[in-house]
Amino acid sequence: MMIEETRQQPDALARTLEEANPLCRFLASRRPRFIVLAARGTSDNAAQFGRYLIEITTGIPVSLAAPSVVTLYHSEIDFRDVLVVGVSQSGESTDTNAFLDDARHRGALTIGLTNEPSSAITRICDYVILARAGREKSVAATKTYTCQMLGMYLLACALNGRCGLDALARIPDCVAEVLTLESEVAALASNFAKITRALCVGRGLNFSNALEFGLKLMETCYVVAERFSAADLMHGPIAMVEQEFPVFAFAPPGVTWPSISDVLSRLRELKARVLVVTDTREAAQLGHSLFLPASPPGPAGLEDLYTPIPYIVPAQLFAAHLAAAKGLDPDQPRTLQKVTRTL
C-alpha cells in the first residue's frame, strides 16, 4: 500500500491544486501579523516546511506551536491578528484540535489542513484546506505529506507570497517523472539492507524532507535515523560519522548548495556512505545519487523553491523498498496505528 500510495501522488497533487482559488478569496483581506502552525508527526514535518516557505515568500513571521502550552499548562495566549493553521492527516489529532479551538476562542483566525472532509478539525476551524489525497491506508504517510506541502504553497500564494500557481501546476508532472526512477531506487535500497543507523541531512526548504525521510526510516525500517540541518550537523553531530556510516542528503541547487556541498565534501573525506537526492550533476558526483530528471519549473533543473515535493518522492520509495529488503512490512509498522491521539 505504501508503494501504491506513493505512485498515486501526481493525481493527488493535481486534485489538491483545486483548493487554490477558494483559499485566495478567503484570505484576500485577512493578512495576519503572525502565523502559528500546529501539527504532529509527518504533519509536523509538513508544517516545518511551511514555516520556511511562508517566511521566505511572504515575510510574515511563523512559529511552530507547542500544544502542551495550552493543553497541559493552560496558558492564555493572545491570538488577536494571528492565523493559526492546524495540519492533520486524519483531522482527529487531539492536541492539535484542542490548540486550534483555544486559539479561535482567543481571537485567532483558524485554518485546518486535512485529508478528511468530515473530521473533527473541519468543525473547529474558520476555513478548511483539503489535501485531496484520497483515503490513505498505509500507516506510513506518503501522499498526504506531499499534499500537505502543496497546501502550504497554496497558503503562501493566498498571502501574496513570491511563488506562482503556474509553477505549482507543473509539480504533478514533475513527480510523475521522478516516479520513473523506482527501479533504480529499489536497487539502491537493496544495497543498504543491513543498515541499522543513519543520518538524514537537509537545509532550508528541504530540511523538512530530512526530518520526514528520517521518520520514514525509523517507522518502516526500524533504522535509528538522526536528522539535522547541514549547519547543525557541522556544529557537533558530525563527530559520530565514521567510515561507511550511512548518510542521506538532499542537495538542491540554489542558496543552500554551498552549505550542503561543504558537508558532502567533508563526508567524502570521512569515507561515509552517502546517498544524495539531487538534480544537479555536481552534487551527484559527491556520493551515490538519486539523480532526478531535469523538469519544470526550471529549464535546466528544479528551481530551489519548488524542489521539496519532487525531492521527497524518491526518499519515500527508498524507505518502502528498504523495508522490503529487510523483510519488513512498511504498511503495518509494529506498535503504530494510522491515527494517533495525544494530549
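My aim in this report is to walk through the structure given alongside it, one point at a time. (Residues numbered from 1 in each chain as written. Predicted model: local features only at pLDDT ≥ 70, side-chain atom pairs only at ≥ 80, totals over all residues. Heavy atoms only, no water.)

1. Regarding the pattern of salt bridges
Between side chains of opposite charge, a pair can form as their charged atoms come close.
Okay, so step 1: Using the criterion set out here, one finds 12 salt bridges in the structure.
Okay, so step 2: Between Arg-104 and Asp-101 there is a salt bridge, with the nearest N and O atoms lying 3.0 Å from each other. Here Arg-104 and its partner Asp-101 are both found in helix H6 (residues 94–105), 3 residues apart, which amounts to about one turn of the helix.
Okay, so step 3: With a shortest N-O distance of 2.6 Å, Glu-212 and Lys-216 are connected by a salt bridge. (Salt bridge = Lys/Arg side-chain N within 4 Å of Asp/Glu carboxyl O. Helix = DSSP H or I, 4+ residues; strand = E, 2+ residues; numbered from the N terminus.)

2. Some thoughts on the packing of helix H2 (residues 9–16) against helix H8 (residues 143–158)
Okay, so step 1: Relative orientation of the contacting elements H2 and H8 amounts to 30°, with a least axis distance of 9 Å. Between H2 and H8, the interaxial angle falls into the category roughly parallel. Note on packing geometry: the crossing formed by H2 with H8 is right-handed. Along its contact with H2, which presents Gln-9, Ala-12, Leu-13 and Thr-16, the element H8 presents Lys-143, Thr-146, Cys-147, Leu-150 and Leu-154. (Axes fitted to C-alpha atoms, helices over the stretch in contact; angles between N-to-C directions. Parallel < 35°, antiparallel > 145°, perpendicular 65-115°, else oblique. Left-handed = near helix turned anticlockwise from the far one by under 90°. Contact = heavy atoms within 4.5 Å.)

3. Some details on unusual backbone geometry
Okay, so step 1: Its identity is not glycine, yet Asp-81 carries a phi of approximately 65°, on the positive side.
Okay, so step 2: Along the chain, Asp-81 turns up in the loop between helix H5 (68–71) and strand E3 (82–88).
Okay, so step 3: Residue classification places Asp-81 among the exposed positions, given a relative accessible area of 54%.
Okay, so step 4: Phi at Glu-244 is positive, roughly 70°, even though this residue is not glycine.
Okay, so step 5: Structurally, Glu-244 is set in the loop between helix H13 (230–234) and strand E8 (246–250).
Okay, so step 6: For Glu-244, a relative accessible area of 48% translates into the label partly exposed. (Buried < 20%, exposed > 50% of the residue type's maximum accessible area, 1.4 Å probe, protein only.)

Everything listed is a geometric property; what it means functionally is a separate question.
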